[in-house]
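# What the coordinates show
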Amino acid sequence: MRKIPFILLSSWLMMAGVNFSLENYSLFYNFEYKSNPYYDGRTFFGDWIQGYFSIKINSAVKAEAGALLWRFYGGDRRILPYLAVVFSPSREFSFRFGNLRKFHGLHRALYFDALYYERPAERGFQLSYKRKTLQGEVWINWEREMKKLVQENFDVGLKLRLESGGVFASFQYHYVHFGGEYMEHHVGPQDDMAFMGRAGVKLPTPLGTVNLSAARFLSYYIPDRWKPSRFTGRGTEALLSLSGKYGEVFLSRWWGRNFYHQDGDPLYRGNNLTWLGYRKEVFLKGFNLAFTLASGWVDGVWVPYQKIEIRWEKTF
C-alpha cells in the first residue's frame, strides 16, 4: 500500500514528460612525474555526480534542472546548480544552453584530460552533430565574468571528424581568453589558441584493428595584447595503435618546437615525447569502466601515469 502513492506520482511524472537522471564520473589519476621541467607529479581521485530533472517542453525542447556534487578525496568539495535548455530538432543535431556536456575528447596537447575533473562544471553554449561518417561539436565555456579587478575568462572548442571506408580525418581547435579592455590594472587581454589536424587509416587484421595516423599541431599565444610579444609553436605526432578484444596497445611519438597551450598537457611543451601504453574499456548498459597504464619519455625523462575511470548513468 505504501508504494501506491510513489507509483502514482512516478506515472504522472512520466506522462507529463518528466524524468530524473543521475550521472556519475569517478576518477583515479596518478602521475609519477619526476626530474622534468614541465609538470610536477601528483595523485588525486574522487567523484563527480549530477542529478537533474528533465522536463519535456515540446517535441524538440526540454529543460534540465538539478545539482552537481564534486569532491576530491581528502580535498575540496563543491555543490553547484545544474540548469540547461536543450533543443534537438533531429536525432543528429542538438543545441544546449546552460550546463554543458563535458569530456569532449580533445587531444591532450590541446586539453589536459585531468582538467575535466579539476573543473567541475562547464557552462555556456554547445552545438553537437553526429552521424556515422561525420561528427562535430563546438562550444563556448564561460568560466568567469569581468569584475572590477578580475578579467573575464572563457574558452572555445571545436572538434570535427570525418570517416569513410577506413580512412579518417579530424580537426580540433581550443582557444582560451582572458579579457576586458576596461580594467583597473595593467594586464591586457590574453589569447591562447592551439590547432590540430590529423589524417589516418584503420586496417582490420586477425589480431584486431590497426590505427595509423599523423597529426600536425600549431599554437599561438599572446600573453598581453598591450605588449608586442607573440609566441608561436608547432608539433608533429605519429600514432600507431592496435585495438581488439583484450584492449588497445598504443605508441605515439611527438616532435615539438616551442609549442605552448595553457590548458594542454604541459609535457607537450617538450621537444620529444614518446608514449607507450595500454587501454581497456568495459561497456555495459549505463556503465563504463576504463583503465589506462602508460609510460612516457619527455626529453629523455621517464614520466609514467595510471588512470582508472568509472562512469555510469541511470534515468528513472
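Residues numbered from 1 in each chain as written. Predicted model: local features only at pLDDT ≥ 70, side-chain atom pairs only at ≥ 80, totals over all residues. Heavy atoms only, no water.

## Some points on the pairing of strand E12 (residues 231-244)
- Sheet analysis places strand E11 (residues 208-222) next to E12, joined by 13 bridges and oriented antiparallel. Among the inter-strand pairings, Thr209 is bridged to a residue of E12, identified as Ser243.
- Relative to strand E13 (residues 247-257), E12 runs antiparallel, the two sharing eleven bridges. Pairing of Leu239 across the sheet is with Ser252, part of E13.
- Once E12 ends, the chain turns through two residues before running back antiparallel as E13. (Pairing = 2+ DSSP bridges. Helix = DSSP H or I, 4+ residues; strand = E, 2+ residues; numbered from the N terminus.)

## Topic: the nonpolar core
- By size, the foremost hydrophobic cluster in this structure holds 39 residues, and its most contacted members are Phe31, Tyr33, Phe44, Tyr117, Phe217, Leu267 and Trp275.
- Here Tyr33 is in contact with Tyr39, Asp40, Gly41, Arg108, Leu267, Trp275, Val303, Pro304 and Tyr305, once residues within four sequence places are set aside. (Core = buried A, V, L, I, M, F, W, Y, C linked by side-chain atoms within 4.5 Å. Buried < 20%, exposed > 50% of the residue type's maximum accessible area, 1.4 Å probe, protein only. Contact = heavy atoms within 4.5 Å.)

## Side note on the pattern of salt bridges
- Under the defined criterion, the tally for this structure stands at 17 salt bridges.
- Arg108 is the salt-bridge partner of Asp265, the closest N and O atoms lying 2.8 Å from each other. In this pair, Asp265 sits in the loop between E13 and strand E14 (272-284) while Arg108 sits in the loop between strand E5 (93-99) and helix H2 (115-118), placing the two residues 157 residues apart along the sequence. Assigned by exposure class, Asp265 and Arg108 land together as buried. (Salt bridge = Lys/Arg side-chain N within 4 Å of Asp/Glu carboxyl O.)

## Looking at the packing of aromatic side chains
- In this structure the tally under the stated criterion is 37 aromatic pairs.
- Seen in terms of ring centroids, Tyr39 and Phe112 are 5.5 Å apart; in terms of plane orientation they differ by 80 degrees. Their pairing is edge-to-face. Of the two residues, Tyr39 is situated in the loop between strand E1 (18-31) and strand E2 (42-56) and Phe112 in the loop between E5 and H2; the sequence distance between them amounts to 73 residues.
- A residue is classified by how much of its surface remains accessible, and Phe112, at 5% relative accessible area, is buried.
- Their ring planes at 50 degrees and their centres at 5.4 Å tell us that Phe103 and Tyr116 sit as a pair that is tilted. (Phe/Tyr/Trp six-rings, centres within 6.5 Å; stacked < 30°, edge-to-face > 60°.)

## Focus: the side chain of Gln126
- Here Gln126 is to be found in strand E6 (residues 123-130).
- Judged by its relative accessible area of 3%, Gln126 falls in the buried class.
- Polar contacts involving the side chain of Gln126 include one to the main-chain amide nitrogen of Arg101, which spans 2.9 Å.
- Of note is the side chain of Gln126, whose polar atom sits 2.6 Å from the side chain of Glu137.
- Residue contacts for Gln126: discarding those within four places in its chain leaves Ser94, Phe95, Arg96, Leu100, Arg101, His104, Glu137, Val138 and Trp139. (Polar contact = N/O pair within 3.5 Å; in protein donor to acceptor, adjacent residues only side chain to side chain.)

## Some thoughts on the confidence of the model for the protein chain
- Per-residue confidence for the protein chain averages 91 on the pLDDT scale, and 92% of its residues sit at or above 70.
- Looking over the protein chain, one finds the lowest element-wise mean pLDDT in helix H1 (residues 3-15), namely 51, and the highest in E13, namely 98. (pLDDT = per-residue confidence, 0-100.)

## Details of the environment of Gly74
- Tracing the backbone through its elements, the reader meets Gly74 in the loop between strand E3 (61-72) and strand E4 (77-87).
- On the accessibility criterion, Gly74 (94% relative accessible area) is exposed.
- In sequence terms Gly74 and Ser94 are 20 residues apart; their C-alpha atoms lie 38 Å from each other.

## A few points about the pairing of E2
- The sheet contact formed by E1 and E2 spans 14 bridges and is antiparallel. Paired with Phe31 across the strands is Arg42, a residue of E2.
- Both E2 and E3 contribute to a ladder of eleven bridges, which runs antiparallel. Bridging across to E3, Tyr52 finds its partner in Gly66.
- Hairpin geometry of E2 and E3 is characterised by an intervening segment of four residues between the two adjacent antiparallel strands.

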